[in-house]
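As a plain string of letters, each chain reads:
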Amino acid sequence: MGVQYSKLLLQLLLVAFFIAATKTEPPLSKPNCQQKCGNVIIPFPFGMTEACSLNTSFLITCHRNLSPPTPFLQNDYHQISVLDISLEYGQLSISLPVARNCLINNLTGESFIAMNLGPFHLSSNQNKLIVFGADAAGMVYNLENASGILYPTIACMSVYAPAASAPDKSCSGTLCCETPIQQRLSEFFYESSTNIFRRNNTKRLESYPCGYTFLVKDGAYKFHITDIFNLSTNNKFPVVADW
């Protein structure tokens, strides 16, 4: 009962502030609260201080030492930069990093990135899981699984082909794989694995020593074969989160 009442109250507050926001530009923050961090408008229920936000879950940290200043969500694992906040759709556009796994001495390895977006969650119809690599796999695990058993809820596999014969701009399973994310995940991790078939092919492994896994908003990324060689953990991709 208490949780349902809190959700209803939040929805009513959002409706009230959205109506007010449509009458003025930009959307309203609380009185005497800063409305922007860099190029991003920070409307209530979000705020850059506890007094300006609905609660600490909606607290935004503005890193003004960056150029331009960049807003970040509070998170247990990684800093999550905020690209946009939509009161109308109840959504955040956030930026998430790439998980990379590279072979060492031709051995299989994994690399994963953990996220806790609570109280927000991945949109169940606007994001994709994408995997790069030769005999590489990417998986997403739900850390809120009630059974306590950890297993991938989303997975995709990318198989080997010589770059010259691989289809460019086609992410259909050869050197690149993509699949929609249809779960409303809040606390999760995504993992990159490489050489999943344990092949001892030195030429193949030298050609594609790394596998990459990332989440991305549907339509925000188009595959090119050269990306397999140019992608790095410095790359980040936009993802849609709901609240």
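Structure's up top.
Reading the values: the criteria
- Residues numbered from 1 in each chain as written.
- Predicted model: local features only at pLDDT ≥ 70, side-chain atom pairs only at ≥ 80, totals over all residues.
- Heavy atoms only, no water.
- Phe/Tyr/Trp six-rings, centres within 6.5 Å; stacked < 30°, edge-to-face > 60°.
- Helix = DSSP H or I, 4+ residues; strand = E, 2+ residues; numbered from the N terminus.
- Buried < 20%, exposed > 50% of the residue type's maximum accessible area, 1.4 Å probe, protein only.
- Pairing = 2+ DSSP bridges.
- Axes fitted to C-alpha atoms, helices over the stretch in contact; angles between N-to-C directions.
- Disulfide = S-S within 2.5 Å.
- Contact = heavy atoms within 4.5 Å.
- Salt bridge = Lys/Arg side-chain N within 4 Å of Asp/Glu carboxyl O.

Trainee: Can you break down the packing of aromatic side chains residue by residue, with the values?
Mentor: In the structure shown here, the tally under the stated rule is 17 aromatic pairs. Measuring from centroid to centroid gives 6.4 Å for Phe-58 and Trp-243, while their planes differ by 90°, and the two rings are edge-to-face. Of this pair, Phe-58 sits in the loop between strand 2 (40-41) and strand 3 (60-63) while Trp-243 sits in the segment after strand 16 (236-242); the two residues are 185 residues apart in sequence, bridging distant segments of the chain. On the basis of an interplanar angle of 10° and a centroid distance of 4.1 Å, the ring pair of Phe-214 and Phe-237 is categorised as stacked. Taken together, the positions of Phe-214 in strand 15 (residues 210-217) and Phe-237 in strand 16 put the pair 23 residues apart, joining distant regions of the chain. Phe-237 carries the same exposure label as Phe-214, and that label is buried.

Trainee: Account for the pairing of strand 5 (residues 80-86), with residues named and values stated.
Mentor: Burial runs high along strand 5: five of the seven residues are buried. One ladder, built from five bridges, connects strand 5 with strand 6 (residues 91-97); its direction is antiparallel. Across the sheet, the residue bridging to Asp-84 is Ser-93, located in strand 6.

Trainee: Give me the sheet that holds strand 15: which residues, what numbers.
Mentor: On the basis of which strands lie adjacent, the open sheet formed by four strands has the order 7-15-10-13 and antiparallel pairing. Each having just a single partner strand, strand 7 (99-102) and strand 13 (176-181) make up the two edges of the open sheet. In this sheet, neighbouring strand axes are inclined to one another by 15° on average, regardless of whether the strands run parallel or antiparallel. Sheet topology note: the strand 10 (residues 127-132)/strand 15 ladder contains six bridges and is antiparallel. Bridging across to strand 15, Leu-129 finds its partner in Leu-215.

Trainee: Residues and numbers for the state of the cysteines, please.
Mentor: Inspection of every chain in the model, using the stated rule, returns five disulfides. Across the disulfide from Cys-102 sits Cys-210; the S-S distance is 1.9 Å. Negative torsions about the S-S bond denote left-handed disulfides, and the value of about 100° found for Cys-102 with Cys-210 makes this one right-handed. One end of the pair, Cys-102, is in strand 7; the other, Cys-210, is in strand 15, and 108 residues separate them in sequence. The class for Cys-210 is buried, based on a relative accessible area of 13%.

Trainee: I'd like a rundown of the environment of Glu-50, residues and numbers included.
Mentor: Looking at the secondary structure, you find Glu-50 in the loop between strand 2 and strand 3. Judged by relative accessible area, Glu-50 falls into the exposed class, the value being 58%. In this structure the C-alpha to C-alpha distance between Glu-50 and Ile-60, which are 10 residues apart in sequence, comes to 9.0 Å. When near neighbours in sequence (up to four residues on either side) are disregarded, Glu-50 contacts Thr-56 and Leu-59.

Trainee: Describe in detail the sheet that holds strand 4 (residues 70-73), supporting the description with residues and values.
Mentor: Within the open sheet, the six strands sit side by side as 3-4-5-6-16-9. Their pairing is antiparallel. This sheet does not close on itself; its edge strands, each paired only once, are strand 3 and strand 9 (121-122). Note that strand 6 and strand 16 share seven bridges and pair antiparallel. What sits directly across from Leu-96, in strand 16, is Phe-237.

Trainee: Break down unusual backbone geometry for me, with residues and values.
Mentor: That bond from Ser-67 to Pro-68 is cis: its omega, 0°, falls within 30 degrees of zero. With respect to the element layout, Pro-68 can be found in the loop between strand 3 and strand 4. Note that the residue after Gly-118, namely Pro-119, is joined by a cis bond; omega there is 5°. Its identity is not glycine, yet Asp-135 carries a phi of approximately 55°, on the positive side. The residue Asp-135 is located in the loop between strand 10 and strand 11 (136-142) in this model. Taking relative accessible area as the criterion, Asp-135 reaches 3% and is therefore assigned buried.

Trainee: Give a description of the pairing of strand 3 that names residues and reports values.
Mentor: As judged from the four bridges shared by strand 3 and strand 4, these two strands associate in the antiparallel manner. By the bridge assignment for strand 4, Cys-62 is matched with Pro-71. Hairpin connection between strand 3 and strand 4: a loop of six residues separates the two successive antiparallel strands.

Trainee: Which residues make up the pattern of salt bridges, and what values do they have?
Mentor: A complete count under the given rule lists two salt bridges for this structure. Among the salt bridges present, the one from Glu-178 reaches Lys-128, with a minimum N-O distance of 2.8 Å. In this pair, Glu-178 is assigned in strand 13 and Lys-128 in strand 10, connecting sequence segments 50 residues apart.

That's the geometry; what it means functionally is another story.
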